[in-house]
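Read off the chains here:
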Amino acid sequence: MQVTFLGTSSGVPTRSRNVSSVALRLPQRGELWLFDCGEGTQHQFLRSELKVSQLTRIFITHMHGDHIFGLMGLLASCGLGGNVKSIDIYGPPELENYLQGCIKYSQTRLAYPMKVYQSRPGVIYEDDEYVVSCGYLKHRVPAVGYRVTEKDRPGHFDVEKAKALGIPPGPIYGKLKRGEWITLSDGRRISGADLCGAPQIGRKFVYCTDTVFCDGAVELAQDADLLVHEATFSHRDADMAFQRLHSTSTMAAQVALAAGAKRLMMTHFSPRYAPGNPILLDDLLQEARAIFPNTDMAYDFLSYEIPSATTRKSKVSRGE
């Protein structure tokens, strides 16, 4: 599970930061999931190592322009030369009408199947490996956050031990890997649990923006391996954050702390904290770390590999 930030600015793009978009790459299945799609996201794809042909799902948090204005352009480009097989889109009830209006009035024809689903609290997608759920946040318009949970996997199967017990290779190994009991031809009963290591606990990725501090974000972020949370304002601008229903750096840290998250990655920063101003982005980082030390600050094209429970080793790199 590798997260790449394609846009980390709020409201408007800056010279160094585009507006909101985060990609979740699932290399083992050759898929890419996108969270929000601000203006210019397709250009950010071109500047990254991500392959738009792997895009299969898009999750939209709310209908503000800095989270959706890039969506129609990206979808059109996918149809013209992206080699996309199909795309499922999840978001607010108004999203489908918005997309259909864009398609109608721009006379765009998508050369692949596209389906739009409403994001209602609870599970919105599930397959053999992942569960995606969402919950309400607190913003000026209806907004949701998303949680991607990787299902637990059986522990490592000890093939050499199985051979030593005289268990012949074949379909029977599959039962043992699943922890089932088997009966050998000589009458011995063997439990698969005795041949497998501890289960591999699935990873949890949570995306919360836009919102002021709320219980919904804390609930969604419970025990997250990586919590991506907006931090539009400095703690010193808390009044402005409450007025606009956005989070400060300290609010993001409080969510991470209350939820028992393992790592916090802040994003969605106001352009007001550019160099030369009294408050800088590094000040926001220090504010957050005073509450939740395991905090980092996202920037465009930052990639973060969510560590598995067995290794707990993270990799952070910058792509160009």
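In the block above lies the structure referred to throughout.
Numbering of residues begins from 1 in every chain and follows the order in which that chain's sequence is written. Residues qualify for local features only when their pLDDT is at least 70, as the model is predicted, and side-chain atom pairs are given and counted only at 80 or more; totals for whole chains, interfaces and linings, by contrast, use all residues. Calculated side-chain values reflect all of the structure's heavy atoms, with hydrogen atoms and water omitted.

Peer 1: Even after reading the chapter, I still don't get the side chain of Ser20, so can you show me in this structure?
Peer 2: By the element assignment, Ser20 lies in the loop between strand E1 (2-7) and strand E2 (21-26). Apart from residues lying up to four places away in sequence, Ser20 is in contact with Gly7, Ser9, Asp36, Cys37, Gly38, Thr41, Asp66, His67, Tyr207 and His268. Think of it this way: any DSSP run of H or I at least four residues long counts as a helix, any run of E at least two long counts as a strand, and we number them from the N terminus. Residues count as neighbours in contact if any of their non-hydrogen atoms are within 4.5 Å of one another.

Peer 1: Quick question: what am I supposed to make of the packing of aromatic side chains here?
Peer 2: Any two aromatic rings considered together are summarised by their centre-to-centre distance and by the angle between their planes. A pair of Phe, Tyr and Trp rings is counted when the ring centres sit within 6.5 Å of each other, with Trp represented by its six-membered ring. The angle between the planes then sorts it: under 30 degrees is stacked, over 60 is edge-to-face, the rest tilted. Within the structure shown, the criterion is met by eleven aromatic pairs. Look at Tyr90 and Tyr117: their rings are 5.2 Å apart centre to centre, the planes differ by 20 degrees, and that puts the pair in the stacked class. Here the residue Tyr90 occupies a position in strand E5 (residues 87-91), and Tyr117 occupies one in strand E6 (residues 114-118), the gap between them amounting to 27 residues. Ring-pair connections join several aromatic residues into one group, and the members of that group are Trp33, Phe35, Phe59, Tyr90, Tyr117, Tyr125, Tyr130, Tyr146, Phe205 and Tyr207.

Peer 1: It is not clear to me how the sheet that holds strand E9 (residues 144-150) should be interpreted in this structure. Could you clarify?
Peer 2: For sheets, the rule is that strands pair by backbone hydrogen bonds, running either parallel or antiparallel. One open sheet holds the seven strands; their spatial order is E7-E8-E9-E12-E13-E14-E15, and the pairing between them is mixed. Each of the sheet's edge strands pairs with one partner strand only, and the pair in question is strand E7 (122-126) and strand E15 (295-297). Averaged over neighbouring strand pairs, the angle between their axes works out to 20 degrees when direction is ignored. Two strands are said to pair when DSSP picks up at least two bridges between them. Looking at chain direction, strand E8 (residues 130-136) and E9 are connected through seven bridges and run antiparallel. When the bridges of E9 are listed, Gly135 appears paired with Gly145. Strands in contact with helix H10 (residues 281-289) are strand E14 (264-267) and E15; relative to E15, the strand with the most contacts, it is inclined by about 165 degrees. Axis lines are fitted through C-alpha atoms, for helices just across the contact stretch, and the angle between N-to-C directions can take any value from 0 to 180 degrees.

Peer 1: Would you explain the side chain of Gln44 in this entry?
Peer 2: Relative to the elements of secondary structure, Gln44 occurs in helix H1 (residues 41-47). Those residues in contact with Gln44, other than ones at most four positions away along the chain, are Leu6, Asn18, Asp300 and Phe301.

Peer 1: Got a minute to help me understand the pairing of E1 in this structure?
Peer 2: It is a general feature of regular strands that their side chains alternate between the two faces of the sheet. Exposure is judged per residue with a 1.4 Å probe applied to protein chains only, and the accessible area is read against the type maximum: over 50% gives exposed, under 20% gives buried, and values in between give partly exposed. The element E1 is extensively covered by neighbouring structure, given that six of its six residues are classed as buried. Alignment of E1 against E2, held across five bridges, turns out to be antiparallel. Bridge pairing in E2 places Thr4 opposite Ala23.

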